[in-house]
Amino acid sequence: MSHHEYPILRVRVTARDADTLRALLRETRPDVGGRVRRHEDGSCTIDAYVPADQADAFERDGVTAAIVEDATATGRARQAEVGRGDRFAPEDAVPQGLALKVNDA
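The structure displayed is predicted, hence computed values, not measured ones.

Q: I would appreciate a short explanation of the pairing of strand S1 (residues 8-15) in the present structure.
A: Side chains on a regular strand alternate between the two faces of the sheet. Relative to strand S3 (residues 44-51), S1 runs antiparallel, the two sharing 8 bridges. Within S3, the residue paired with Val11 across the bridge is Ala48.

And the structure:
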């Protein structure tokens, strides 16, 4: 299975302190979403997007990782909600611009 065949998971990573989180992100270099959230106890949380086969790469002393969602499945569901064509075009609009005309077979 190639790297891209694994679904992408959104994982909430919480480290005991900012230094632990920085070291983790430097080492694993995941795609991250949003900002780092700092908690009163000094711990820090960030969401990371990783292939499912790498979801356990964050597990180490001082770090917890919880899968939030299958981001690939969520993305596909959002794409399915997107309509085709231009919803602002009038019903009788004629396409304009450069294109190849496709003949009916």
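Still to come is the rest of the account.
Q: When you look at the sheet that holds strand S4 (residues 63-70) in this model, what are you seeing that I'm missing?
A: Neighbouring strands of a sheet are bound in pairs by backbone hydrogen bonds; such pairs are parallel or else antiparallel. Strand order in the open sheet formed by 4 strands is S2-S3-S1-S4, and the pairing between neighbours is antiparallel. Since the sheet does not close on itself, it has two edges, and those belong to strand S2 (31-38) and S4, each with one partner. With strand direction ignored, the average angle separating the axes of adjacent strands in the sheet is 20°. Examined bridge by bridge, S2 and S3 share 5 bridges and lie antiparallel to one another. Each bridged residue has a counterpart across the sheet, and for Arg37 the counterpart in S3 is Thr45. Of the strands in this sheet, S1, S2, S3 and S4 are in contact with helix H1 (residues 18-28), which crosses S1 at around 145°. Across the sheet, helix H2 (residues 71-81) lies against S1, S3 and S4, angled at about 30° from S4, the strand it touches most.

Q: Would you mind showing me how to read the nonpolar core here?
A: As a rule of thumb, soluble globular proteins bury nonpolar side chains together. Counting 14 residues, the largest nonpolar core has Val11, Val13, Leu21, Leu24, Val50, Phe58 and Val63 as the members making the most contacts within it. Secondary structure elements with two or more residues in this core: S1, H1 and S3.

Cut-offs used in this document
Residues numbered from 1 in each chain as written. Predicted model: local features only at pLDDT ≥ 70, side-chain atom pairs only at ≥ 80, totals over all residues. Heavy atoms only, no water. Pairing = 2+ DSSP bridges. Helix = DSSP H or I, 4+ residues; strand = E, 2+ residues; numbered from the N terminus. Axes fitted to C-alpha atoms, helices over the stretch in contact; angles between N-to-C directions. Contact = heavy atoms within 4.5 Å. Core = buried A, V, L, I, M, F, W, Y, C linked by side-chain atoms within 4.5 Å. Buried < 20%, exposed > 50% of the residue type's maximum accessible area, 1.4 Å probe, protein only.

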